[in-house]
Amino acid sequence: MRELFDGEKERRRLDDGFDYVIVGSGAAGATAARVLADTGASIAVVEEGPVVEPAGFGDAVFPAMKRMFRAQGAQAARGRAFIPVVQGSCLGGSTVINSAIVWRIPDDVYEPWKTEYGLGDAIPLAALHRHWDLIERELSVAPTPPDAWGRSNELMDAGKTKLGVAASPTRRNVAACKGSGRCLTGCPHGAKQSMLLTYLPYAMARGARVVAAAKAERVVMKGDRAVAVEGRFLEPLSKRPIAPFRLEARKAVIVAASAIQTPGLLARSGVRSPHLGEHFQAHPGAPMTGVFDSPVTMWRGATQGYDADEHRRDWRVKIETISLPPEMIFARMPGVGRRWLETMSEAGHLVVWAAQMRAYARGSVRERFFGTDIAYDLEPRDMDNLRRGLRFAAEMMFAAGAREVITGIHGMPERLKSPDECRLLEQAPADPRHYSMIMSHLFGTARMSVRPRDGVVGTDFAVHGTRNLFVVDSSVFPTNLGVNPQHAIMGAAMHAALGLSGRL
Amino acid sequence: MLSSRQRAALDALLPSDAHPVLTRGLFDAGFDEFHASFEREAHPSLRWTFRAALWCAVWVSPLLIGALPPVSRLGRDDRERALGALVSHPWYPLRQMGFVLKAVAAFCYGADRASRRAVGYPRQHDEAE
């Protein structure tokens, strides 16, 4: 197929030329490709990760992590605690391995972008809503239907009713979800409307070329113009180089490589800004595990089909159901030896709900000789919010009928036995090293600003001081969102692509 | 290839015939094959961290309960006690070693069909029906 050049299979040098070269095939890059493909322009989409075939999605975690996750899931932020930073690294990016959750940017998040960060109407909210309307139609976005809930999501619904709090079925980009709870290892039924199944094929059907297993090493600049992207095809597992490539860009280079990879690529391309790689923000999360007398079998039902945003504004925390595969449940269960087997044997009776936090903390992302260095440490007020959020999650679990709640916090009782004990969570240690956290949703490392002295990218999405080097991923967001960012990223990328092709 | 000391630590982590529902131990679940492939294909940072975790399990964990290493010198109860002290140790780096040990073991054990069936995880073809 001429539209796909798979470096892993082709194993030869590639030199070619296009109107637009897009680096990254995830939510941002694929959306830009989808928009530009409509203009009749020639497009190349460069993806560092390998091509993955939905027919080959298995249900074992480690093979999936090896093939589809950045650094096989071993990428971590360095602070007092090491917090794993989860990112997809395959054709379609994180949209292949996420839970397909769709949230528009809340007004209370957007407003400071206009005022405090001075962006005014650079990305008008009304335009974003128009883009989101289109995307939601094209990706079959809808609230998770009750027949796909499964017991875990039903229980959050029960907890919400009992407590009378704000929670609802999660809106997701899924067509006919079969509720197999396997979003994390790639939807085996092709129900998740990831970029792999939607916007990339859309663009390819209109002539876009996808170049996979291809690490973009630098954007070649001629004065203030981006003229090409150079890099190497890599063996996906070993990362050993296979062959070089050079893709000429006649009109523009569009960087959509994520808030972790984009600053490194820009720095290697000669972009200099004190803001590059700075202002890194994220959504760290920690789980609570509820134990129920009756079977839950969290593996039946949508992976993340229900969420509670009761405390999204005041505590900056959102509670989400999550169905974990046995590998990940087992790893989190307490004990070793016979005790570990005993706690693992409860797996069919568990729910895992995570507190996802809009952290205040800001970190940095830097290229070092050993790889990408993510420096990040939570602030005391973040830990306060996390503890409140975990208490809220535990209270919802008891309200839903949990017999016990497993805290998973070092220095805390292993299990809470009654709703009254939930208050202990607010006195839990304030040190992030006591928690088992994971981080996704990454922002801010090439933030947008009106003036070059305040950021990396201008309000037209072009890197300050360049004419046609654009950044369209969540690196440009001035803050994190407090909600799952795929939709926000796609809306912004659509706006940028329409703008740079003169169609706004 | 795992040494006998390393095997003793991993066997204590998930022993065979030690639970009425989860009867299989880590090695019954194919950890030897898993480990061979892990050593070949895992990301270097994962590989080296697991090696360090195994080293801690063998040589450090006995010290945490006042016993002399290696862990293979100890009886079954003390091996479990030593590993338990590692995974719950107040010093974060040691606790992390314990977590990595458990996480890599769980990558293998949680993918084991028999162990999955034992906790009620559906087989793939069940979903297609």
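Throughout this document, residue positions are counted from 1 along each chain, in the order its sequence is written. Note on labels: chains are lettered from A, ligands numbered from 1, in written order. Per-residue local features are limited, in this predicted model, to residues with pLDDT of at least 70; the limit for side-chain atom pairs, both in listing and counting, is 80 or more; totals at the level of whole chains, interfaces and linings are taken over all residues. Computation of side-chain values covers all heavy atoms of the structure but excludes hydrogens and water.

## Remarks on the sheet that holds strand β5 (residues 82-84) of chain A
Residues and elements named next belong to chain A.
Here is step 1 of the chain: Sheet architecture is open: 4 strands sit in the order β5-β4-β18-β17, paired in mixed fashion. Because the sheet does not close on itself, it has two edges, and the strands there are β5 and β17 (364-368). When the angles between neighbouring strand axes are averaged without regard to direction, this sheet yields 35°.
Here is step 2 of the chain: Where β17 lies against strand β18 (residues 371-375), 5 bridges are found, and the strand directions are antiparallel. Pairing of Arg 368 across the sheet is with Gly 371, part of β18. One requirement defines pairing of two strands: DSSP has to find at least two bridges between them. Runs of H or I in DSSP of at least four residues are treated as helices and runs of E of at least two as strands, each being numbered from the N terminus. Note on definitions: angles span 0 to 180 degrees between N-to-C directions of axes, and those axes are lines fitted to C-alpha atoms, for helices only across the stretch in contact.

## Details of the packing of helix α2 (residues 31-41) of chain B against helix α3 (residues 44-64) of chain B
Residue and element names in this part refer to chain B.
Here is step 1 of the chain: The contact between α2 and α3 brings their axes to 9 Å, and the two run at 130°. Viewed along their axes, α2 and α3 adopt a mutual orientation that is oblique. For the pair α2 and α3, the contacting residues are Phe 31, His 35, Phe 38, Glu 39 and Arg 40 in the first and Leu 46, Arg 47, Phe 50 and Arg 51 in the second. Roughly parallel refers to an angle under 35 degrees, roughly antiparallel to one over 145, roughly perpendicular to one between 65 and 115, and oblique to any angle outside these ranges. Contacts between residues were defined by any pair of non-hydrogen atoms, one from each residue, lying within 4.5 Å.

## Here's the deal with the confidence of the model for chain B
Do not read the fine detail of predicted coordinates wherever pLDDT is low.
All names here are of chain B.
Here is step 1 of the chain: On a range of 0 to 100, pLDDT expresses the predictor's confidence in each residue. Counting all residues, the mean pLDDT for chain B is 94, and 95% of those residues have values of 70 or more.
Here is step 2 of the chain: A low-confidence stretch, residues 125-129 stays under pLDDT 50, and its non-local contacts, those more than four residues away or across chains, total 4 contacts.
Here is step 3 of the chain: Both scores are given for the predicted complex: the pTM is 0.96, the ipTM 0.96.

## Describing the pattern of salt bridges
Here is step 1 of the chain: Here, a salt bridge means any Lys or Arg side-chain nitrogen found within 4 Å of an Asp or Glu carboxyl oxygen. If you walk through the whole model with that rule in mind, you get 54 salt bridges over all chains.
Here is step 2 of the chain: A salt bridge links Arg 312 of chain A to Asp 108 of chain A; the shortest N-O distance between them is 2.9 Å. In this pair, Arg 312 of chain A is assigned in the loop between β14 (306-308) and β15 (317-322) and Asp 108 of chain A in helix α4 (residues 107-114), connecting sequence segments 204 residues apart.
Here is step 3 of the chain: A simple rule labels every residue: compare its accessible area, found with a 1.4 Å probe on the protein chains alone, to the largest value its type can have, and call it buried under 20%, exposed over 50%, or partly exposed in between. By relative accessible area, which is 25% here, Asp 108 of chain A ends up partly exposed.
Here is step 4 of the chain: Where Arg 24 of chain B meets Asp 112 of chain B, a salt bridge forms, and the shortest distance between an N and an O atom there is 2.8 Å. Placement of Arg 24 of chain B in the loop between α1 (4-13) and α2 and of Asp 112 of chain B in the loop between α5 (92-109) and α6 (113-118) is noted, with a sequence separation of 88 residues between them.
Here is step 5 of the chain: A relative accessible area of 29% means that Arg 24 of chain B is categorised as partly exposed.
Here is step 6 of the chain: Through salt bridges with shared partners, one network takes in Asp 293, Arg 339, Glu 346, Arg 403, Glu 404, Glu 414, Arg 415 and Lys 417 of chain A.

## Description of helix α4 (residues 76-87) of chain B
Here is step 1 of the chain: Between the first and last residue of a helix there are one fewer steps than residues, each counted as 1.5 Å, and that sum is the expected span. Between its first and last C-alpha, α4 of chain B extends 17 Å over 12 residues, near the 16 Å set by a 1.5 Å rise per residue.
Here is step 2 of the chain: Of the positions making up α4 of chain B, those classed as buried are Arg 79, Glu 80, Ala 82, Leu 83, Ala 85 and Leu 86 of chain B.
Here is step 3 of the chain: For α4 of chain B, the elements touching its buried residues are α10 (337-344) of chain A together with α1, α3 and α5 of chain B.

## Details of unusual backbone geometry
Here is step 1 of the chain: Residue Pro 70 of chain B follows Pro 69 of chain B across a cis peptide bond; omega there is 0°.
Here is step 2 of the chain: By secondary structure assignment, the location of Pro 70 of chain B is in the loop between α3 and α4.
Here is step 3 of the chain: Unlike most non-glycine residues, Gln 72 of chain A shows phi in positive territory, near 55°.
Here is step 4 of the chain: Note that Gln 72 of chain A resides in the loop between α3 (61-68) and β4 (76-78).
Here is step 5 of the chain: For Gln 72 of chain A, a relative accessible area of 4% puts it in the buried group.
Here is step 6 of the chain: With a phi angle near 60°, Arg 316 of chain A is a residue other than glycine that sits in the positive phi range.
Here is step 7 of the chain: Along the chain, Arg 316 of chain A turns up in the loop between β14 and β15.

## Quick notes on the nonpolar core
Here is step 1 of the chain: Buried residues of nine kinds, namely Ala, Val, Leu, Ile, Met, Phe, Trp, Tyr and Cys, make up a nonpolar core once their side-chain atoms join them within 4.5 Å. With 219 residues, the main nonpolar core has Leu 266 of chain A together with Leu 10 of chain B as its most contacted residues.
Here is step 2 of the chain: A per-element tally of this core places α5 of chain B first, with 12 residues.
Here is step 3 of the chain: Those residues in contact with Leu 10 of chain B that lie beyond four places of it in its chain are Leu 2, Leu 26, Phe 27, Phe 31, Phe 50, Leu 54 and Leu 101 of chain B.

## Brief notes about the interface of chain B and chain A
Here is step 1 of the chain: Each side of the interface is counted separately: chain B has 45 residues, and chain A has 41 residues.
Here is step 2 of the chain: Of the roughly 3,700 Å² buried between chain B and chain A on both sides combined, carbon and sulfur atoms contribute 64%.
Here is step 3 of the chain: Our enumeration of links across chain B and chain A arrives at 6 salt bridges.
Here is step 4 of the chain: For Arg 113 of chain B, the salt bridge identified is with Asp 59 of chain A, shortest N-O distance 2.9 Å.
Here is step 5 of the chain: Think of a polar contact as two N or O atoms within 3.5 Å of one another; within protein, one of them needs to be a possible hydrogen donor and the other a possible acceptor, and neighboring residues in sequence only count if both atoms come from side chains. In this structure, the connection of chain B to chain A is made through 15 residue pairs in polar contact (both at pLDDT 80 or more).
Here is step 6 of the chain: Elements with a contribution of two residues or more to the side of chain B that touches chain A: α1, α2, α3, α4, α5, α6 and α7 (124-128) of chain B.
Here is step 7 of the chain: Among the elements that make up the side of chain B that touches chain A, the one with the highest residue count is α5 of chain B (9 residues). A 1.4 Å probe defines the accessible area here, and the buried area is the portion of it lost by two parts on being joined, summed over both.

## What about the packing of aromatic side chains?
For any pair of aromatic rings, the description rests on two quantities: the centre-to-centre distance and the angle between the ring planes.
Here is step 1 of the chain: For Phe, Tyr and Trp, rings pair up if their centres lie within 6.5 Å, where Trp contributes its six-membered ring, and each pair is then called stacked (planes under 30 degrees apart), edge-to-face (over 60) or tilted (otherwise). For the structure on display, the rule yields 18 aromatic pairs over all chains.
Here is step 2 of the chain: Ring centres of Phe 62 of chain A and Phe 34 of chain B lie 5.7 Å apart, and the angle between their planes is 55°; on these two criteria the pair is classed as tilted. In this pair, Phe 62 of chain A sits in helix α3 while Phe 34 of chain B sits in helix α2, so the two residues belong to two different chains. Across the pair, exposure class does not vary: Phe 62 of chain A and Phe 34 of chain B are buried alike.
Here is step 3 of the chain: Consider the rings of Phe 233 of chain A and Phe 245 of chain A, whose centres lie 5.2 Å apart with planes at 40°: the pair is tilted. Pair noted here: Phe 233 of chain A is in strand β11 (residues 225-234) and Phe 245 of chain A is in strand β12 (residues 241-255), with a separation of 12 residues, a long-range link.
Here is step 4 of the chain: Classification of Phe 245 of chain A by relative accessible area gives buried; the value is 2%.
Here is step 5 of the chain: In textbook terms, an aromatic cluster arises when at least three aromatic residues are bridged by ring pairs, as seen for Phe 62 of chain A together with Phe 27, Phe 31, Phe 34, Phe 38, Phe 50 and Phe 107 of chain B.
Here is step 6 of the chain: The ring of Tyr 199 of chain A carries Arg 34 of chain A above its face, with NZ or CZ at 5.6 Å from the centroid.
Here is step 7 of the chain: When the ring centre of Tyr 360 of chain A is taken as reference, the NZ or CZ atom of Arg 316 of chain A above it lies at 3.8 Å. When the NZ atom of lysine or the CZ atom of arginine is within 6 Å of a ring's centre and also within 35 degrees of its normal, the charge is said to sit over that ring.

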